[in-house]
Amino acid sequence: GMICSKQNIFSPTVITAMVWFVCATLFFYFPHHLPDLSSQVRTAIAIWLVCFSLCSLLMQSCCFSTSTIKCNVTIRDIYFWLSIACIPCLILFAQHAIATGTTDHWALNLRNAAIGRGENQEAYTPLYYLLWVVTYLLYLVDEENPNTKRTIIMGLLVALFGAVTMSKTLILNLFIMTIFILYTRRIIKIRHILIGIAAIVTVLLIMQGVRQAVTMDKNATQSTIVLYILSNMSAFDTLQPYSSEHFGENVFRIYYAITYKLGLSDIVPVNPILPWIEKPIATNTYTTLYPFFKDFGYIGIGIFGSLLGLFYGWIFKKHQENCLFYTIMYAYFCTLLVTQYNGDGVFTNIAGHVKMLLILCVPFVVDKYKLLRR
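Report follows, based on the coordinates. All of these numbers come straight from a predicted model, not from anything done at the bench. (Residues numbered from 1 in each chain as written. Predicted model: local features only at pLDDT ≥ 70, side-chain atom pairs only at ≥ 80, totals over all residues. Heavy atoms only, no water.)

## With respect to the packing of helix 2 (residues 39–60) against helix 12 (residues 290–320)
We apply this condition: Axis geometry follows a simple rule: fit a line to the C-alpha atoms, using only the stretch in contact for helices, then measure angles between N-to-C directions, giving values from 0 to 180 degrees. A run of H or I in DSSP becomes a helix once it reaches four residues, and a run of E becomes a strand once it reaches two; helices and strands are each numbered from the N terminus. Geometric relationships in this document are graded by angle, where less than 35 degrees denotes roughly parallel, more than 145 denotes roughly antiparallel, 65 to 115 denotes roughly perpendicular, and other angles denote oblique. By convention, the crossing between two helices is left-handed when the near helix turns anticlockwise from the far helix through less than a right angle, and right-handed when the turn is clockwise. Amino acids outside the nonpolar list (Ala, Val, Leu, Ile, Met, Phe, Trp, Tyr, Cys, Pro) and the charged list (Asp, Glu, Lys, Arg) are all regarded as polar, and Gly is one of them.
Relative orientation of the contacting elements helix 2 and helix 12 amounts to 30°, with a least axis distance of 7 Å. On the basis of the axis angle, helix 2 is roughly parallel to helix 12. You can see that helix 2 and helix 12 cross each other, and the crossing is right-handed. Considering only residue class, the contact of helix 2 with helix 12 consists of 17 nonpolar, 9 polar and 1 charged.

Below, the structure is given as structure tokens:
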């Protein structure tokens, strides 16, 4: 992967191989009480690695037309002021979540409200958060018209949303997007990334302690690592292939959600918050392989692993050809590659990805067709 990607550590193949290498290493050498992984897990991961990597490298070997389209600065600035105007929305959410929470711990009340365990019974996924992410990336990636002050403000807003919703994943996503762009712009090197990884792990452990109102001593740290990194593979071991009630109900959840919303079908879409299991450990995350294996078995892992490999290889190749739009796009989707050990982030949240891409397209479309002049 490194050889075929011009020594880029952020290539899809390198990230995917490294993620599973780290998970496997931790599983075999880190102290835990989980059962040994069965052939089901090993076979599924092997199929995923081979299909995803080969298709990603195949797409990277292709030649595509390059694009010189830039981001329209006026639209970017409009995005910035819209982002500032949305700050009260987050404040109101936090106030309501804490006031209506069912526990005595404010951090847990915030987290419950964010994942749909609060009064509204729906996960909190506001459109303004996607606007914040897009605006942050637009400022961060711009070398011709840099604005350091606004870049920092937008980064703080994205981090604030992660902190208010007590989401370790969103904080991790911010970190990954940032180091990818900074590495691409040659502002940081690998040693800086390694220092950053140590720092972000510390931050995430602190968040876990705050959220659970516990002191993160050695035992708590070990339990957190086992729960959030190692348990996913053991949870996958409990799945049965082809066990979905309806055809492709997990992979094609967006179809069932739209048809149900429009009254065209009486099939209720599956809950994106997956069902909990208690053995071998209490968890509801099953790695990114969950929807493909549950709906279509090993064949599904091979097919959708290949499709995602082609997708990631395509946007990464476009990024390497200095297409600014695809650099931002890859920065956004790169976070889903890193967290594939945890769960699927592409198909489960495809509606959110479409919204993000629509927001991202506007400043580039405006620049391409010269709809605004500055």
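## Remarks on a nonpolar patch on the surface
To keep things clear, this is the line we draw: By definition, no residue in a patch forms a salt bridge, and every one has over 30% relative accessible area; like charges are joined within 9 Å, nonpolar side chains (Val, Leu, Ile, Met, Phe, Trp, Tyr) within 5 Å. Note on areas: Shrake-Rupley with a 1.4 Å probe; residue coverage comes only from the protein chains shown. Only one rule defines a salt bridge in this text: a Lys or Arg side-chain nitrogen within 4 Å of an Asp or Glu carboxyl oxygen.
On the surface, Ile98, Trp106, Ile206 and Val210 cluster together into a nonpolar patch covering about 360 Å² of accessible area. Relative to the helices and strands, Ile206 is located in helix 9 (residues 190–212).

## A closer look at helix 7 (residues 148–164)
As a reminder of what qualifies: One less than the number of residues in a helix, times 1.5 Å, gives the span that helix is expected to have. Under the scheme applied here, a residue whose accessible area is under 20% of the maximum for its type counts as buried, over 50% as exposed, and between as partly exposed, the area being computed with a 1.4 Å probe on protein chains only. Every residue pair with non-hydrogen atoms within 4.5 Å of one another is taken to be in contact.
Helix length check: helix 7, at 17 residues, gives a terminal C-alpha distance of 24 Å against a target of 24 Å (1.5 Å per residue), a fit within 8%. Among the residues making up helix 7, those that are buried are Arg150, Thr151, Met154, Gly155, Leu157, Val158, Phe161, Gly162 and Val164. Packed against the buried residues of helix 7 are helix 3 (73–85), helix 4 (87–100), helix 5 (106–114), helix 6 (127–141), helix 8 (168–184) and helix 9. Just downstream of helix 7 lies Met166, where phi reads positive at about 50°.

## Some details on the packing of helix 4 against helix 5
Between helix 4 and helix 5, the least distance of the axes is 8 Å, while the angle of their chain directions is 110°. Accordingly, the angle class assigned to the pair helix 4 and helix 5 is roughly perpendicular. The interaxial crossing formed by helix 4 with helix 5 has right-handed handedness. Contact with helix 4, carried on its side by Phe93, Ala94, Ala97 and Ile98, involves Trp106, Asn109, Leu110, Ala113 and Ala114 of helix 5 and no other residues of that element. Residues that form the contact of helix 4 with helix 5 fall into these classes: 8 nonpolar, 1 polar and no charged.

## Some thoughts on the side chain of Lys318
For the record, the criterion: None of His or the chain ends enter the tally, which takes Lys and Arg as positive and Asp and Glu as negative.
Note that Lys318 resides in helix 12. Although Lys318 is buried, it makes no salt bridge; Glu321 carries the closest opposite charge, 4.8 Å away. Apart from residues lying up to four places away in sequence, Lys318 is in contact with Phe64, Ser65, Cys323 and Tyr326.

## Here's the deal with the nonpolar core
The test is simple: Among buried residues, the Ala, Val, Leu, Ile, Met, Phe, Trp, Tyr and Cys ones that are joined through side-chain atoms within 4.5 Å form a nonpolar core.
Core analysis: the biggest nonpolar cluster contains 105 residues, and Trp132, Tyr312 and Tyr330 have the highest contact counts within it. Among all residues touching Tyr330, those that are not within four sequence positions of it are Phe10, Ser11, Pro12, Ile15, Phe180, Tyr312, Ile315, Phe316 and Leu337.

## Some words on the pattern of salt bridges
Within the structure shown, the criterion is met by 3 salt bridges. For the salt bridge of Lys70 with Glu144, the shortest nitrogen-to-oxygen distance reads 3.1 Å. Of the two residues, Lys70 sits in the loop between helix 2 and helix 3 while Glu144 sits in the loop between helix 6 and helix 7, which places them 74 residues apart along the sequence. Of the residues examined, Lys70 reaches a relative accessible area of 42% and is grouped as partly exposed. The salt bridge partner of Arg76 is Asp142, with a shortest N-O separation of 2.7 Å. Taken as a pair, Arg76 in helix 3 and Asp142 in the loop between helix 6 and helix 7 lie far apart in primary sequence, 66 residues in all. By relative accessible area, Arg76 is classed as buried at 3%.

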